[in-house]
Each structure stands twice: as structure tokens, then as C-alpha cells.
Protein chains: 2
Amino acid sequence: MHKLSGISTKLQQDIKLAATKQNQHKRTRSDHATELTEDYVEAISEIIADAGVCRAVDLAQKFQVSHVTVNRTVGRLQRDGYVTTEPYAPIELTSVGTRLAKASQERHQLVLEFLLALGVSNATAITDSEGIEHHVSPETLRVMQKFIDSQK
Amino acid sequence: MHKLSGISTKLQQDIKLAATKQNQHKRTRSDHATELTEDYVEAISEIIADAGVCRAVDLAQKFQVSHVTVNRTVGRLQRDGYVTTEPYAPIELTSVGTRLAKASQERHQLVLEFLLALGVSNATAITDSEGIEHHVSPETLRVMQKFIDSQK
DNA sequence: ACAAAAATGTAGCACAGGCTAATATTGGCG
DNA sequence: CGCCAATATTAGCCTGTGCTACATTTTTGT
Ligand SMILES: [Mn+2]
Ligand SMILES: [Mn+2]
Ligand SMILES: [Mn+2]
Ligand SMILES: [Mn+2]
């Protein structure tokens, strides 16, 4: 069973946003804005867990972008309070960043497990969950969790 | 039963892209690049079906953006061969645009029906399918279709 | 017919997120 | 120790996608 508690904060805003038909596309745009942030903090968290520290090159490797792009993106993450960096030092997560990373990991994992439970192949589930995870509302997450449980 | 034939072209490229682990995030980025295009041609097609013609204001209303943003976006669509426009005239789809619109509609509809069949509420299914649709590979679409059929 | 309203177009701005090239720093190794 | 490779920074570029303010054109209603 997954803990979904950490996911609630941002997604509760989403509930409000989704309330009216007008906001359909606004929510999708808002999802996109947070998507890179979520993927980055998730990756940073995993790299730190794996390798001890996270350097810009690791992220460049992971996301297949130049290290310059990573630098600028990490700059935005710092500006927005998700990470702290000092020149030439490894990237670290703030407590806010850590919380977002955990919530994103849980949600990502749940979507992945759901796709697998549905019968999607491993490779496809891994790829599709990467894009889908950011667009799944809490209600749908709960339904996915229920489906996973029912398959056991 | 849905016809999925029209979807195959772009998504077959995706299969190749998804082949290696390296390309995970590249595919997600590529999905994002085509996402607005898909939503626009889909909307244009629907507005034409509903109202006879599609004007920039209709799209501005639909996507909740300014008409200037619509203008620039439609300009890119024209550049890329999906629509034709003349000053002060309604927007029309090229045959390529029409084909993409049909394929996107089918895929969107399938994802929506899948979420409903799963047990997600109408409002949430409508909102979530809007974001999810662009990140679902052909394999997952087939699995979703199978699930829908099995629920009948 | 013509004024007002609606629609469209244009200019100019901002920010996100890509890039290459050139420069600077750090850390490890011979 | 000093040099080299790895890493990070900076400068400067691009495209996409959003905006406001203002100008123009078309449509509509009396
Ligand atoms: Mn997306
Ligand atoms: Mn993720
Ligand atoms: Mn992702
Ligand atoms: Mn969509």
C-alpha cells in the first residue's frame, strides 16, 4: 500500500482548478510548468540515494540535455526553493524539494505499477508512466491504487 | 471498437524512440512539442463540426489564452502544414491536419472512455484525459481498449 | 449608409528551456 | 608539485508560448 499523504498539497490546488470546464487547459498548462520541476527533484533524490551526491553532469546524462541547460534549470529550482547550490558544489534538496521528490516518486511508482497491473509491458510502462504521471489527479490515483489492489 | 489505424504514423516513431532507456525523457519532450499541435487541430476540427467555421476567437475561448497567442500558434501550425489561413478568414485544416485531428480525437476518446470504465468520475476523466492522451503509446492504447471491451 | 462592436493583426515585451563556444575551477595523479 | 581531465560557469544565441497595448479590418444593427 502506498502512502499518498505527501501528494496532497499541490494536487489539492489542482482539484480547485479542475472545478470548472474553463480551466481544463489551464490545468494542463499548469501541470506542464511543474513537470520539469518534479522530474528534476525526483532525479536529484534518486541520484543522491544512488551515488551519495548529485552533480550537474549526472542530471545532464539522465535527461540527455547539455550541462548548461541543467545549470539554468537548477538555477530556477533554487530560485523557487527546491534546491540549494553553491559554485562547484553538489546539488542538494531543500526540505520542500525533498518532500516534492518523495511525493513525485510515490505517484510515479503508483502509475508505473498500475500500467504493469493493467498488462502493459515493462519497457512501455516505464516510458509511458514518465509522461503520464504529471497529469493524473488524486482521484484517478486512488482509482489506480484500487485497481492494483484488486489484481492481487 | 475504435479504429486506431490513423494513429500509427507518429506513434510508430515513438516506438523507435522508446527503444532505449536513454530516450525516455527525449520522448516525453517530443510528446510535449506535438501536444499543443494535437490539441489545436482537434479543437479546430470540433469547432468546424459544431459551428461551421473556426475563428481565432473560438480557439482563444477554448484554450483560455489571448487571441494573439492563438494567432501565433496558428501561424506555426500553418508553417508546419496543418492549417491554412488567410487574413480575416476562418481557419481551415489541411488534409494532414484533418488526419492528425481524427487520430487525436480517437486517441483522446479512447483514453477518456478508459478512465470512465476504470471508475473515474466524469469531470475528472475529462480533465485527466486532456493531459494524459499525449503520453500514451500505441501498446498502452491497445491495452486500454482491451480493458474497455472486457468491462462491457 | 455608417457607427459601433467584434474580430484580426502588429509591435514589443517576458520567461522557459534548448543549444554552442569559450572560460574558470576543482580534484586527482604521475 | 604541477598538470590534466572533469566539472562548472558565463556569454550569447534560438524557438515556443504566454502577455498588453494599439491599429486595422470586417460585420452587424439601426
Ligand atoms: Mn505533458
Ligand atoms: Mn517521474
Ligand atoms: Mn516525468
Ligand atoms: Mn490534450
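Just so it is clear, the model here is predicted, and its values are computed rather than measured. (Residues numbered from 1 in each chain as written. Chains lettered and ligands numbered in written order. Predicted model: local features only at pLDDT ≥ 70, side-chain atom pairs only at ≥ 80, totals over all residues. Heavy atoms only, no water.)

**Quick look at the confidence of the model for chain A**
Line of reasoning, step 1. Taken as a whole, chain A shows an average pLDDT of 89; of its residues, 86% reach a score of 70 or greater.
Line of reasoning, step 2. Counted against residues more than four places away or in other chains, residues 1-19 of chain A, with its pLDDT under 50, gives 28 contacts. (pLDDT = per-residue confidence, 0-100. Contact = heavy atoms within 4.5 Å.)

**Some details on the relation of the copies chain B and chain A**
Line of reasoning, step 1. Relative to chain A, chain B is turned by 180 degrees and slid 0.0 Å along the rotation axis, the superposed coordinates differing by an RMSD of 0.1 Å. Taken together, the rotation and translation describe the operation of a two-fold axis. The C-alpha atom lying nearest the rotation axis in chain B is that of I132 of chain B; the distance is 2.7 Å.
Line of reasoning, step 2. By residue overlap, the copies meet face to face through one surface: 100% of the interface positions of chain B are interface positions in chain A. (Least-squares fit on C-alpha atoms with pLDDT ≥ 70 in both.)

**So, the interface of chain B and chain A**
Line of reasoning, step 1. Listed per partner, the contact involves 36 residues of chain B and 36 residues of chain A.
Line of reasoning, step 2. Approximately 3,300 Å² of surface area, both sides summed, lies buried where chain B meets chain A, with 56% of it carried by carbon and sulfur atoms.
Line of reasoning, step 3. Its largest share of buried area at the contact with chain A, chain B owes to H25, Q64 and T127 of chain B, together 18% of the area lost on that side.
Line of reasoning, step 4. In this structure, the salt-bridge partner of R27 of chain A is D128 of chain B, at a minimum N-O distance of 3.3 Å. (Buried area = accessible area lost by both parts, 1.4 Å probe. Salt bridge = Lys/Arg side-chain N within 4 Å of Asp/Glu carboxyl O.)

**Thoughts on the packing of aromatic side chains**
Line of reasoning, step 1. As enumerated under the stated definition, the model contains six aromatic pairs over all chains in all.
Line of reasoning, step 2. Plain terms: the ring middles of Y40 of chain A and F63 of chain A are 4.5 Å apart, the flat faces sit at 10 degrees to each other, and that makes the pair stacked. Highlighted residues: Y40 of chain A in helix α2 (residues 24-51) and F63 of chain A in helix α3 (residues 56-63), separated in sequence by 23 residues.
Line of reasoning, step 3. Between the aromatic rings of F114 of chain A and F114 of chain B, the centroid separation amounts to 6.2 Å while the plane-to-plane angle is 55 degrees, which identifies the pairing as tilted. (Phe/Tyr/Trp six-rings, centres within 6.5 Å; stacked < 30°, edge-to-face > 60°. Helix = DSSP H or I, 4+ residues; strand = E, 2+ residues; numbered from the N terminus.)

**Observations concerning the protein's contact with DNA strand D**
Line of reasoning, step 1. Every one of the 18 residues lining DNA strand D counts as a neighbour, but R29, R55, H67 and N71 of chain A together with T69 of chain B are closest to it.
Line of reasoning, step 2. When the atoms of DNA strand D within 4 Å of the protein are sorted by group, sugar and phosphate make up 65%.
Line of reasoning, step 3. Here a phosphate oxygen of DNA strand D and a backbone polar atom of S66 of chain B are 2.8 Å apart.
Line of reasoning, step 4. Within the contact set of DNA strand D, a phosphate oxygen lies 2.7 Å away from a side-chain nitrogen or oxygen of T69 of chain B.
Line of reasoning, step 5. Elements supplying a minimum of two residues to the surface near DNA strand D: α3 and α4 (67-79) of chain A together with α4 (67-79) of chain B.
Line of reasoning, step 6. Take the surface near DNA strand D: its biggest share by element is five residues, from α4 of chain B.
Line of reasoning, step 7. Classifying every residue of the surface near DNA strand D gives nine nonpolar, four polar and five charged. (Near = heavy atom within 4 Å. Polar contact = N/O pair within 3.5 Å; in protein donor to acceptor, adjacent residues only side chain to side chain. Nonpolar A, V, L, I, M, F, W, Y, C, P; charged D, E, K, R; others polar.)

**What about the protein's contact with DNA strand C?**
Line of reasoning, step 1. Taken together, 18 residues sit near DNA strand C, with S66, T69 and R76 of chain A together with R55 and N71 of chain B positioned nearest.
Line of reasoning, step 2. The sugar-phosphate share of atoms of DNA strand C within 4 Å of the protein amounts to 63%.
Line of reasoning, step 3. One nitrogen or oxygen atom from the main chain of A56 of chain B is found 3.3 Å from a phosphate oxygen belonging to DNA strand C.
Line of reasoning, step 4. Take N71 of chain B: an N or O atom from its side chain is 2.7 Å from a phosphate oxygen of DNA strand C.
Line of reasoning, step 5. Those elements giving two or more residues to the surface near DNA strand C turn out to be α4 of chain A together with α3 (56-63) and α4 of chain B.
Line of reasoning, step 6. A total of five residues in the surface near DNA strand C trace back to one element, the largest contributor, which is α4 of chain A.

**A word on α4 of chain A**
Residues and elements named next belong to chain A.
Line of reasoning, step 1. End to end, α4 covers 18 Å across 13 residues, agreeing with the expected 18 Å (1.5 Å per residue, within 8%).
Line of reasoning, step 2. Among all positions of α4, only V70, T73, V74 and L77 are buried. Burial along α4 is one-sided: seen end-on, the buried residues are contained in an arc of 105 degrees. For α4, the exposed residues lying more than 90 degrees away from the buried face are N71, R72 and R79.
Line of reasoning, step 3. Buried residues along α4 sit against α2, α3 and β1 (83-84).
Line of reasoning, step 4. Positioned one or two residues after α4, G81 has a phi angle of 90 degrees, which is positive. (Expected span 1.5 Å × (residues − 1). Buried < 20%, exposed > 50% of the residue type's maximum accessible area, 1.4 Å probe, protein only. Arc of directions from axis to C-beta.)

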